Amino acid sequence: MYGSENKSLSKFLSKNLTELKSNGLYNKIDSLQSSNGPIIKINDKNLINLSSNNYLGLATDDRLKKAEIDATNKYGTGAGAVRTINGTLEVHDILESTIAKFKGTESAIAFQSGFNCNMGAISAVMDKNDAILSDELNHASIIDGCRLCGSKVIRYKHSDMNDLKEKAKLAKESNQYNKIMVITDGVFSMDGDIAKLPEIVEIAQEFDLITYVDDAHGSGVTGNGAGTCKHFGLSDKIDFQIGTLSKAIGVVGGYVAGSKDLIDWLKVRGRPFLFSTSLTPGSAAACTKSINILMKNDYLVNKVWENGNYLKEGLKSLGFNIGKSETPITPCIIGDETKTQLFSKRLLEEGVYAKSIVFPTVPKGSGRVRNMPTASHTKEMLDGALAIYEKVGKELEII
Ligand code: PMP
């Protein structure tokens, strides 16, 4: 047996693993034998892929690959240190100024992932004397970032502006907090709906709230690619514009775009920036290339919307419940958890990879299969997927 044979650890692991497995909640991880493109290969079988965040197909773009290889040849595979010692290479500075241009802000800072960006950015500014108003459907990295900073977290009902306003008023009038922040995803990844930023900004102005938008799923998609703040013409009204470099941008990393003072502060207090080795030079260069492609040409952004609308219309006319999606992310809401998992399994057997998402990721009774069409899907692939959806939907009496 491997390990120290510590009894409390082995008891903890075996009890919890057995419980998860017997409840069908232990997630089996699939291993791809291909890139994460519109067609993926798993267990030697080609599948139409509707589960990737590679929204624009840039993860396999030759221009990005070349930028990554060139930078790797010049600077090596690793940055060699954290940013604040001597792990800041010129490719990092260029990436940050490119992000600021892309987002229309004074400045930007790059982190190693979107997840640790939220962990670092929230805790650099907020502490136990503050409060955070957080949408109940915010991403796990926001939830963890809020926990880490020790502020009072006040959850408001998903996109319910009356609830947010009421809670902001109570928090402000309590005079208990030094600072109050409102945090929301820009695009919610489980439903594909867009945060109501105009109302959020109005409430923030009325109650003096710091505004924080995590646009991991909006960047590269909404606002002609520049994201949800730009979509609403509110870029200059949002204090923290967060993004990931791992979805539409097609590489890896995360960032905050904002004022010069905010970014200067994060460069001395954003703990992952200070204590974890920088993005690889190749990743930084590939991200810059990707953003430059996006800023020059809106072909890919238009294509992901065209494909998203095509799939959405197709699913709707087959009779699926696609919820309140406003973006290419399109759920098929099934409800019952077991049926949702069976639906996803049957889709896979027929040739479509679309993951089921059930409680606790989404509320009980709202199990769904989530579809993420990308700019790289062809009409033939989408038609192929729709035909399989129709077959399996009828077989399981979902439609
Ligand atoms: N924020 C949101 C809203 C996300 O959906 C994700 C990724 N699932 C992240 C942050 C984390 O980004 P990354 O994958 O770059 O760590």
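The rules we used
- Residues numbered from 1 in each chain as written.
- Predicted model: local features only at pLDDT ≥ 70, side-chain atom pairs only at ≥ 80, totals over all residues.
- Heavy atoms only, no water.
- UniProt positions renumbered as here; feature names shortened; annotations may be inferred.
- Helix = DSSP H or I, 4+ residues; strand = E, 2+ residues; numbered from the N terminus.
- Rg over C-alpha atoms; globule rule 2.2 N^0.38 Å.
- Buried < 20%, exposed > 50% of the residue type's maximum accessible area, 1.4 Å probe, protein only.
- Contact = heavy atoms within 4.5 Å.
- Areas by Shrake-Rupley, 256 points an atom, 1.4 Å probe, with all protein chains shown as cover.
- Salt bridge = Lys/Arg side-chain N within 4 Å of Asp/Glu carboxyl O.
- Near = heavy atom within 4 Å.
- Polar contact = N/O pair within 3.5 Å; in protein donor to acceptor, adjacent residues only side chain to side chain.
- Nonpolar A, V, L, I, M, F, W, Y, C, P; charged D, E, K, R; others polar.
- Phe/Tyr/Trp six-rings, centres within 6.5 Å; stacked < 30°, edge-to-face > 60°.
- Lys NZ or Arg CZ within 6 Å of the ring centre and 35° of its normal.
- Pairing = 2+ DSSP bridges.

As annotated in an unreviewed UniProt entry, the protein chain is 8-amino-7-oxononanoate synthase from Romboutsia sedimentorum. UniProt, in the comment section headed Subunit (unreviewed entry), describes the protein chain in these words: "Homodimer." Recorded under Cofactor (unreviewed entry), the UniProt text for the protein chain is reproduced unchanged: "pyridoxal 5'-phosphate".

## Examining the overall build of the protein chain
A tally of regular secondary structure across the protein chain gives 14 helices and 13 strands. Here the C-alpha radius of gyration of the protein chain, 22 Å, is about what a compact globule of 399 residues would show, namely 21 Å. Dimensions of the protein chain along its principal axes, counting C-alpha atoms only, are 55 × 55 × 55 Å. The buried share among the 399 residues of the protein chain stands at 52%. Residue pairs at least 24 apart in sequence account for 71% of intrachain contacts in the protein chain once pairs closer than 6 positions are excluded. For the protein chain, the accessible surface area stands at approximately 18700 Å², while carbon and sulfur atoms represent 52% of it.

## Section: the pattern of salt bridges
Using the criterion set out here, one finds 27 salt bridges in the structure. A salt bridge links Asp144 to Arg147; its shortest N-O distance comes to 3.3 Å. Here the residue Asp144 and the residue Arg147 both occupy positions in helix H5 (residues 140–149), the gap between them amounting to three residues, near one helical turn. When its relative accessible area of 62% is taken as the criterion, Arg147 is described as exposed. When the shortest N-O distance is used, the salt bridge between Lys379 and Glu306 registers 3.3 Å. In this pair, Lys379 is assigned in helix H14 (residues 379–395) and Glu306 in helix H12 (residues 299–318), connecting sequence segments 73 residues apart. Residue class for Glu306 comes out partly exposed when judged on its relative accessible area of 40%. One continuous salt-bridge network, built from bridges that share partners, spans Lys345, Arg346, Glu349, Glu350, Lys391 and Glu395.

## Things to note about the site of the ligand
Looking at the ligand, there are 13 residues lining it, with Gly114, Asp214, His217, Thr244 and Lys247 nearest. Contacts to the ligand include Thr244, whose side-chain N or O atom sits 2.6 Å from an oxygen atom. A total of 390 Å² of accessible area belongs to the ligand in isolation, and the protein chains cover 82% of it. Across the shell around the ligand, the residue classes break down as two nonpolar, eight polar and three charged.

## A short note on the environment of Ile94
By the secondary structure assignment, Ile94 is in helix H3 (residues 90–103). Residue Ile94 is classed as partly exposed on the basis of its relative accessible area, which comes to 44%. Through-space distance from the C-alpha of Ile94 to that of Lys7 is 51 Å; in sequence the pair is 87 residues apart.

## What about the packing of aromatic side chains?
Aromatic ring pairs are defined here through the distance separating the ring centres and the angle between the ring planes. On inspection of all chains with the given rule, the structure shows five aromatic pairs. Ring geometry for Phe111 against Phe273: centres 6.3 Å apart, planes inclined by 65°, an arrangement best described as edge-to-face. Taken together, the positions of Phe111 in strand E3 (residues 107–111) and Phe273 in helix H10 (residues 271–275) put the pair 162 residues apart, joining distant regions of the chain. Here the two residues Phe111 and Phe273 agree in accessibility, since each one is buried. Linked through ring pairs, Phe320, Phe343 and Tyr389 together constitute an aromatic cluster. The residue whose ring lies beneath Lys364 is Phe359, and the NZ or CZ to ring-centre distance is 4.2 Å. Stacked on the ring of Tyr310, the Lys or Arg Lys379 has its end atom at 4.8 Å from the ring centre.

## What about the pairing of strand E13 (residues 367–371)?
For E13, a buried count of five out of five residues is recorded, marking the element as mostly surrounded by other parts of the structure. Judged by which residues are buried, E13 turns out to be covered on both faces: Gly367, Val369 and Asn371 on one side and Arg368 and Arg370 on the other are all buried. The pairing of strand E10 (residues 330–335) with E13 spans five bridges and is classified as antiparallel. Paired with Gly335 across the strands is Gly367, a residue of E13. As paired strands, strand E12 (residues 356–357) and E13 are joined by two bridges and run antiparallel to one another.

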